[in-house]
Amino acid sequence: MEIRTFAPSDRAELRELFERAGEGSPTASLWGHVDSEAAVYLDPYMELEPDSLFVAVAGGALVGYLTGCLDSTRFPGEGERMEKAIRTYRLAFRPRPAAFFARSLADLAWAAVRREPGVDEFADARWPAHLHINVAPEARGTGAADGLMSRWLDQLRKAGSPGCHLQTLVENTRAVRFFKRIGFTEYGPAPLVPGLRHNGRRVHQRTMIWSVDHAAEETEARARTSASGTPRRRLD
């Protein structure tokens, strides 16, 4: 398994991978229009932060990718990107996207009546970086995801970033377990994601965070345990 930085020559193959990488997950398809979904979750990273976009290669083919952003405040927000995609692709006039956005409005009203927290863009200087990761079904369990995350976390350390956040779904239990194993922790409420359904049911957003300092402390603790056979308490 080779993990490397995105190259311009990967563009066409990466777009093809984008269409199928999420198969079987709750976010396999959002509003049912691939080009506009890529315009929100893939294309801006190829254009604006290609040095933080990594790909996994097996047998000469792309089997996974990670889109990263070191400073979310310097990157167009998800809402801004989505609004642009809606206008560019005239999604209000396409049946599946139009149904999705109508359902989103109904979900927002439902949540407001129940006084539930709403989905919002995450902004916290302690975790300024963010990422999206996807692996093709045939590459799951091969180390592709671990390799991509390892490369990304190394990038954060080299850049001097204090931390990173990501947003997945509570119902995507496989992803939540994976991120916890990597060192991410759950943070904040789990609001309803407007419009999105999985197996006919509503789904909820799960924000997760990773801090450089916390990761360093865990590494140090593991090293002490490995050296002594039992955990040792710090004296400072």
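All figures in this text were calculated on a predicted structure; none of them were measured in a lab.

1. Quick notes on a negative patch on the surface
(1) Moving on: Residues Glu80, Glu83, Asp120 and Glu121 make up a contiguous surface patch of negative charge.
(2) Moving on: Topologically, Asp120 is positioned in the loop between α5 (95–113) and β4 (129–135).
(3) Moving on: Overall, the relative accessible area of 59% leaves Asp120 in the exposed class.

2. Describing the pairing of strand β2 (residues 53–58)
(1) Moving on: Taken across its six residues, β2 has five buried, putting it largely inside the fold.
(2) Moving on: Here strand β1 (residues 2–5) pairs with β2 via four bridges, running antiparallel. Bridge pairing in β2 links Glu2 to Val57.
(3) Moving on: Looking at chain direction, β2 and strand β3 (residues 61–69) are connected through six bridges and run antiparallel. Directly across from Phe54, in β3, lies its bridge partner Leu66.

3. Describing the packing of aromatic side chains
(1) Moving on: Using the criterion set out here, one finds nine aromatic pairs in the structure.
(2) Moving on: A ring pair is formed by Trp31 and Phe100, whose centres lie 5.8 Å apart and whose planes are at 55°; its orientation type is tilted. With Trp31 in the loop between α1 (11–20) and α2 (34–41) and Phe100 in helix α5, this residue pair connects regions lying 69 residues apart in the sequence. One exposure class covers both Trp31 and Phe100, and it is buried.
(3) Moving on: Geometrically, the ring pair formed by Phe122 and Tyr187 is edge-to-face, given 5.9 Å between the ring centres and 80° between the ring planes. Residue Phe122 is located in the loop between α5 and β4, and its partner Tyr187 is located in strand β6 (residues 185–187); the two are separated by 65 residues in the primary sequence.

4. Focus on the pattern of salt bridges
(1) Moving on: Overall, the coordinates contain 15 salt bridges when judged by the stated rule.
(2) Moving on: Two residues, Arg11 and Glu47, come together in a salt bridge whose shortest N-O distance is 3.0 Å. Taken as a pair, Arg11 in helix α1 and Glu47 in helix α3 (residues 43–48) lie far apart in primary sequence, 36 residues in all.
(3) Moving on: Overall, Glu47 belongs to the exposed group, its relative accessible area being 52%.
(4) Moving on: One salt bridge connects Arg157 with Asp154, and the closest N-O pair in it is separated by 3.1 Å. Here Asp154 and Arg157 lie together in helix α6 (residues 144–159), a separation of three residues that amounts to about one turn.
(5) Moving on: Overlapping salt bridges, with partners in common, bring together Arg15, Asp35 and Asp43 in one network.

What counts and what doesn't
Every chain's residues receive numbers from 1 upward, in the order its sequence appears when written. Given that this is a predicted model, residues contribute local features only at a pLDDT of at least 70 and side-chain atom pairs are listed and counted only at 80 or more, while totals for whole chains, interfaces and linings are drawn from all residues. Water and hydrogen atoms were dropped before computing side-chain values, which therefore reflect all heavy atoms in the structure. What makes a patch is a set of residues exposed beyond 30% relative accessible area and free of salt bridges, joined within 9 Å when like-charged and within 5 Å when nonpolar (Val, Leu, Ile, Met, Phe, Trp, Tyr). All accessibility values rest on the Shrake-Rupley procedure with a 1.4 Å probe; residue burial counts only the protein chains present in the view. By definition, a salt bridge exists where a carboxyl oxygen of Asp or Glu is found within 4 Å of a side-chain nitrogen of Lys or Arg. The charge count treats Lys and Arg as positive and Asp and Glu as negative. His and the chain ends do not count. Charge placement uses NZ in Lys and CZ in Arg. For Asp and Glu, CG and CD serve respectively. Only DSSP runs of H or I reaching four residues or more are called helices, and only runs of E reaching two or more are called strands; each is numbered from the N terminus. For each residue, the accessible area found with a 1.4 Å probe, counting protein chains only, is set against the maximum for its type, and the residue is called buried under 20%, exposed over 50%, and partly exposed in between. Only strands that DSSP links by at least two bridges are regarded as paired with each other. Pairs were defined over the aromatic rings of Phe, Tyr and Trp, the Trp ring being its six-membered one, requiring ring centres within 6.5 Å. Orientation was assigned from the angle between planes: stacked under 30 degrees, edge-to-face over 60, tilted for the rest.

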